[in-house]
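# Observations on chain architecture
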Amino acid sequence: MGNELRQLQQRKLAELLRVAVTENPFYRRKLSGIDFNPDRDPLSRLPFTTRDELERDQIADPPFGTNLTFPLERYCRFHQTSGTHGKPMRWLDTAESWQWFERCWATILDAAGVAQQDRLFFPFSFGPFVGFWAAFEGAAAMGRLCIPGGGMSTERRLRMILDNQVTVVFCTPTYALRMADVAEQMKIDLPGSSVRMLIVAGEAGGSIPGTRSRIERAWGARVFDHSGMTEIGAVTFECLENPGTGLHVNEREFIAESVDPLSGKPVADEEIGELVLTNLGRTGSPLIRYRTGDQVRMSRRPCACGREFVRLEGGILGRIDDMLVVRGNNVFPTAVESVLRAIPEIAEFRMTVFDQGPLAQVKLELEPAPQAVDNGLAERARRALESAFSFRAEVWLVQPGTLPRSEMKSHRFVRNSSTTNWGSTK
Ligand SMILES: [Zn+2]
């Protein structure tokens, strides 16, 4: 990392800590008595912040907890996490913190090459999940034409895209595929439409090669991946020069670390670790050394785009708490998705794991693509999984259109014996 960037991070961190330690009850408690000088000390001298801690804080101090730097009257934005992992968590922002979130999106939109003449469409329900709220408002603040697509059916959304000559669509990878399915039923020629790019988030699919190429083929448009979290902000983006191979962290607004999930010690460049993030501009409800639970491979090798921002090679590789142990094998849902998406006749799938551990049974439901003929599809899928992960799954073919599709986060992975709420991706 260059000097200019490092100094910028240190300056922002010093400013954040100065306010957090004096004004923010959560961090005042957490950091009291720690002698820390951002110009001199490594960030690792500060403790991690965990999801668990934040949840407990909101339970102890309902409804919003104590990670609030300013009096409650200053906050004007409410969101909550999707609740895929544990209880939904509430998150408040001040006007200034929300503007920071919008600026993070401006970085993503610039990197994606979204231009003045583009028309942006958001087929998204605009509920309390932060999802594309900040994207919509960040793009509007940049002067881009933003078309909301909440509260309507997929059919109507497709009509909106055609009628308004939309060029950029914002959605989850799952919903991009869902819209493509419906377009096919409606005999709409999506590759012939004006859409040139899909900016996807909310699931890992944008960086999973099979999922990505499937979306790009169905739409005749480029996929541009990005990742973020309700509680931390809009963090990463791919670059136009290096598509589908990884995500840059916006290091002007975030400090990224990669640590061993068990020991908490830093891992070497290019090794797999857990992503730890500090956001530098969400002063109203900041996170310092937040354990994201995302498994990543960070690399400082130069990128073709010339940016010095660190890259997460292959995107978000998986969620640490999503890992399944199936008869001695560690299996990540993203890896399963990658294998199954390589089989073009599979339109959708759902995997259920009964009893984790040595006796685990895996049931895989497959929905064939409408035009697919059954040429041993179940057997091919079973063999593909077996050769990738050394376990045998019981495979069932189900009728087209029976498995759930969501505009939000998908539920392709079900842990049957567990009481924890568990989804495929965050
Ligand atoms: Zn790059």
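Rules of the game
- Residues numbered from 1 in each chain as written.
- Predicted model: local features only at pLDDT ≥ 70, side-chain atom pairs only at ≥ 80, totals over all residues.
- Heavy atoms only, no water.
- Helix = DSSP H or I, 4+ residues; strand = E, 2+ residues; numbered from the N terminus.
- Rg over C-alpha atoms; globule rule 2.2 N^0.38 Å.
- Buried < 20%, exposed > 50% of the residue type's maximum accessible area, 1.4 Å probe, protein only.
- Contact = heavy atoms within 4.5 Å.
- Areas by Shrake-Rupley, 256 points an atom, 1.4 Å probe, with all protein chains shown as cover.
- Lys, Arg positive; Asp, Glu negative; His and termini not counted.
- Charge placed at Lys NZ, Arg CZ, Asp CG, Glu CD.
- Donors = N, O, S within 2.8 Å, 3.2 Å for Na, K, Ca; no water.
- Tetrahedral: all angles 85-135°; square planar, octahedral: opposite > 155°, others 65-115°.
- Pairing = 2+ DSSP bridges.
- Axes fitted to C-alpha atoms, helices over the stretch in contact; angles between N-to-C directions.
- Phe/Tyr/Trp six-rings, centres within 6.5 Å; stacked < 30°, edge-to-face > 60°.
- Lys NZ or Arg CZ within 6 Å of the ring centre and 35° of its normal.
- pLDDT = per-residue confidence, 0-100.
- Parallel < 35°, antiparallel > 145°, perpendicular 65-115°, else oblique.
- Left-handed = near helix turned anticlockwise from the far one by under 90°.
- Nonpolar A, V, L, I, M, F, W, Y, C, P; charged D, E, K, R; others polar.
- Expected span 1.5 Å × (residues − 1).
- Domains from an automatic or database assignment.
- Buried area = accessible area lost by both parts, 1.4 Å probe.
- Salt bridge = Lys/Arg side-chain N within 4 Å of Asp/Glu carboxyl O.
- Polar contact = N/O pair within 3.5 Å; in protein donor to acceptor, adjacent residues only side chain to side chain.

### Considering the overall build of the protein
For the protein, the helix and strand inventory stands at 10 helices and 20 strands. For 426 residues, the compact-globule formula gives about 22 Å, and the C-alpha radius of gyration of the protein, at 22 Å, lands near that figure. The C-alpha extent of the protein, read off along each of the three principal axes, is 65 × 55 × 45 Å. In the protein, which comprises 426 residues, the proportion classed as buried is 56%. Taking the contacts inside the protein whose residues are at least 6 apart along the sequence as the reference set, 67% of them involve residues at least 24 apart. As displayed, the protein has an accessible area near 17700 Å², and 52% of this comes from carbon and sulfur atoms. Of note, the protein has its 52 positive side-chain charges centred 1 Å away from the centre of its 53 negative side-chain charges.

### Overview of helix α3 (residues 51–60)
Taken as a whole, α3 has its buried residues at E53, L54, E55, D57 and Q58. Tucked into the core, α3 has its buried residues touching α2 (25–31), β2 (90–94) and β12 (290–299).

### As for the coordination of the zinc ion
Surrounding the zinc ion are the protein donor atoms C239 (SG), H248 (NE2), C303 (SG) and C305 (SG), at 2.1 to 2.3 Å. One can describe the site at the zinc ion as tetrahedral: its 4 donor atoms subtend angles covering 102 to 114 degrees at the metal. For the zinc ion, all donor residues lie on one chain, and their spacing in sequence is C-x8-H-x54-C-x1-C. In this pair, C239 is assigned in the loop between β8 (233–237) and β9 (246–249) and C303 in the loop between β12 and β13 (311–313), connecting sequence segments 64 residues apart.

### Quick word on the sheet that holds strand β17 (residues 346–354)
On the basis of which strands lie adjacent, the open sheet formed by 4 strands has the order β19-β18-β17-β20 and mixed pairing. In the strand order of this sheet, the two ends are held by β19 (393–397) and β20 (413–415), each with one partner. Strand after strand, the sheet turns through a mean of 20 degrees between neighbouring axes, direction not considered. Pairing geometry for β17 and strand β18 (residues 361–368), over 8 bridges, is antiparallel. Counted as the bridge partner of F354 is Q361 from β18. The strands that helix α9 (residues 333–341) touches are β17, β18 and β20; relative to β17, the one it contacts most, it runs at about 145 degrees.

### Things to note about the packing of aromatic side chains
Applying the stated criterion across every chain, the model contains 18 aromatic pairs. When the centroid spacing of 5.9 Å and the interplanar angle of 80 degrees are considered together, the rings of F349 and F413 count as edge-to-face. Linking F349 in strand β17 with F413 in strand β20, this pair joins segments that are 64 residues apart in sequence. Like F413, F349 is buried. Judged by centre distance (5.9 Å) and plane angle (20 degrees), the rings of F389 and F391 are stacked. Across this residue pair, the class does not change: F389 and F391 are buried. Aromatic ring contacts, followed pair by pair, group W105, F122, F124, F126, F132, W133, F136 and F170 into a single cluster. When the ring centre of F70 is taken as reference, the NZ or CZ atom of R74 above it lies at 4.3 Å.

### A few points about the confidence of the model for the protein
On average, the protein scores 91 in pLDDT, and the residues at 70 or more come to 96%. For residues 418–426, every residue scores under 50 in pLDDT, and the model assigns this stretch 37 contacts once sequence neighbours within four places are set aside.

### Let's talk about the packing of α9 against helix α10 (residues 377–389)
Two numbers describe a pair of packed helices, the interaxial angle and the distance between the axes. Contact pair α9 / α10: the axes reach a minimum separation of 10 Å and the direction vectors enclose 135 degrees. By the criterion of interaxial angle, the relationship of α9 to α10 is oblique. Of the two elements, α9 crosses α10, and the hand of that crossing is right-handed. Touching A335, V336, V339 and L340 of α9 are A381, A384, L385, A388 and F389, all from α10. Considered class by class, the residues forming the contact of α9 with α10 number 9 nonpolar, no polar and no charged.

### Observations concerning helix α1 (residues 3–23)
Helical geometry: 3.6 residues make up each α-helical turn, so side chains three or four residues apart lie on a common side. With 21 residues, α1 should reach 30 Å at 1.5 Å per residue; the first-to-last C-alpha distance of 30 Å fits that figure. All of the buried residues along α1 are L5, L8, Q9, K12, L13, L16, L17, V19 and A20.

### Here's the deal with the side chain of S258
Position of S258 among the secondary structure elements: in strand β10 (residues 254–259). For S258, a relative accessible area of 7% translates into the label buried. Filtering out sequence-adjacent residues up to four positions away, S258 remains in contact with K265, P266, V267, E271, G273, E274, V296 and M298.

### What to know about the packing of helix α6 (residues 154–163) against helix α7 (residues 173–185)
Here α6 crosses α7 at 85 degrees, and the two axes come no closer than 10 Å. Compared by their axis directions, α6 and α7 come out roughly perpendicular. Between α6, through T154, E155, R157 and L158, and α7, the contact on the second element is made entirely by Y175, R178, M179, V182 and A183. Classifying every residue of the contact of α6 with α7 gives 5 nonpolar, 1 polar and 3 charged.

### Observations regarding the domain arrangement of the protein
Taken domain by domain, the protein holds domain 1 (3–99 + 229–321), domain 2 (113–226) and domain 3 (323–416). Here the C-alpha centroids of domain 1 and domain 2 sit 27 Å apart. Taken together, the contact pairs 21 residues of domain 1 with 16 residues of domain 2. Both faces combined, the contact of domain 1 with domain 2 buries some 1500 Å², and carbon together with sulfur accounts for 58% of it. When the buried surface of domain 1 facing domain 2 is broken down by residue, W98, E238 and L240 rank first, second and third, together holding 35% of it. The interface formed by domain 1 and domain 2 includes 3 salt bridges. Here R222 and E238 are joined by a salt bridge, their closest N and O atoms 2.4 Å apart. On the surface where domain 1 and domain 2 come into contact, there are 9 residue pairs in polar contact (both at pLDDT 80 or more). Only β1 (75–80) and β8 provide two or more residues apiece to the side of domain 1 that touches domain 2. Of the residues in the side of domain 1 that touches domain 2, the class split is 10 nonpolar, 9 polar and 2 charged.

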